[in-house]
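Residue-level structural notes
Okay, here's what each chain looks like letter by letter:
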Amino acid sequence: QVQLAESGGGLVQAGGSLRLSCAASGRTYIYRTGWFRQAPGKEREFVAAITWGGRIDYSDSVKGRFTISRDNAKNTVYLQMNSLKPEDTAVYHCAAQPAVGNDYDYWGQGTQVTVSS
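Residues numbered from 1 in each chain as written. Predicted model: local features only at pLDDT ≥ 70, side-chain atom pairs only at ≥ 80, totals over all residues. Heavy atoms only, no water.

**Observations concerning the state of the cysteines**
The tally for this structure, following the rule as stated, stands at 1 disulfide. Covalent S-S linkage joins Cys22 and Cys94, the inter-sulfur distance amounting to 2.1 Å. Negative torsions about the S-S bond denote left-handed disulfides, and the value of about 70 degrees found for Cys22 with Cys94 makes this one right-handed. One end of the pair, Cys22, is in strand β3 (residues 18–25); the other, Cys94, is in strand β9 (residues 90–97), and 72 residues separate them in sequence. The exposure classification of Cys22 matches that of Cys94, with both residues buried. (Disulfide = S-S within 2.5 Å. Helix = DSSP H or I, 4+ residues; strand = E, 2+ residues; numbered from the N terminus. Buried < 20%, exposed > 50% of the residue type's maximum accessible area, 1.4 Å probe, protein only.)

**Some words on the side chain of Thr51**
Mapped onto the elements, Thr51 comes out in strand β5 (residues 45–51). Overall, Thr51 belongs to the buried group, its relative accessible area being 6%. Only 2.9 Å separates the side chain of Thr51 from the backbone nitrogen of Arg55, close enough to count as a polar contact. (Polar contact = N/O pair within 3.5 Å; in protein donor to acceptor, adjacent residues only side chain to side chain.)

**What to know about the nonpolar core**
Trp35, Val47, Phe66, Leu79, Met81 and Tyr92 are the most contacted members of the largest nonpolar core, which has 26 residues in total. Elements represented by at least two residues in this core include exactly β3, β5, β7 (66–71), β8 (76–81), β9 and β11 (111–116). (Core = buried A, V, L, I, M, F, W, Y, C linked by side-chain atoms within 4.5 Å.)

**Here's the deal with the sheet that holds β3**
Taken together, the 4 strands give an open sheet; going across it, the order is β1-β3-β8-β7, and neighbouring strands pair in antiparallel fashion. Only two strands of the sheet have a single partner each, and these edge strands are β1 (3–7) and β7. For this sheet, the mean inter-axis angle between neighbouring strands, taken without regard to orientation, is 15 degrees. Here β1 pairs with β3 via 5 bridges, running antiparallel. Bridge pairing links Glu6 to Cys22 in β3. (Pairing = 2+ DSSP bridges. Axes fitted to C-alpha atoms, helices over the stretch in contact; angles between N-to-C directions.)

**Digging into the environment of Glu6**
Along the chain, Glu6 turns up in strand β1. Placed 110 residues apart in sequence, Glu6 and Ser116 show a C-alpha to C-alpha distance of 21 Å. If sequence neighbours within four positions are ignored, Glu6 has contacts with Ser21, Cys22, Trp35, Tyr92, His93, Cys94, Gly108, Gln109, Gly110 and Thr111. A distance of 2.9 Å separates a polar atom in the side chain of Glu6 from the backbone nitrogen of Cys94. A distance of 2.9 Å separates a polar atom in the side chain of Glu6 from the backbone nitrogen of Gly110. (Contact = heavy atoms within 4.5 Å.)

Pasting the structure below:
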């Protein structure tokens, strides 16, 4: 069982920055951790993901503005969000894929990010 706790959301003006954290507990090794977001009335969408070994993927909508990183010793994944836009407003969730072949089996409660224009 994996527990995930997100933090770092808040209200920021357009052009500003926030850093989200996703702290995992209950399992030392997690193959891949991803960030997803869901805005009101919209489908959940993929934002970024990083594997234990450091392979990174980004959605086109955040590439060049967001940076995902991980500290394996702290079992924590970060999402640095720069040049934020109002359309980035959403609840951001982190999710854990515990092993190759698994899906994102574990999800955090989410943290609200609001970008004002």
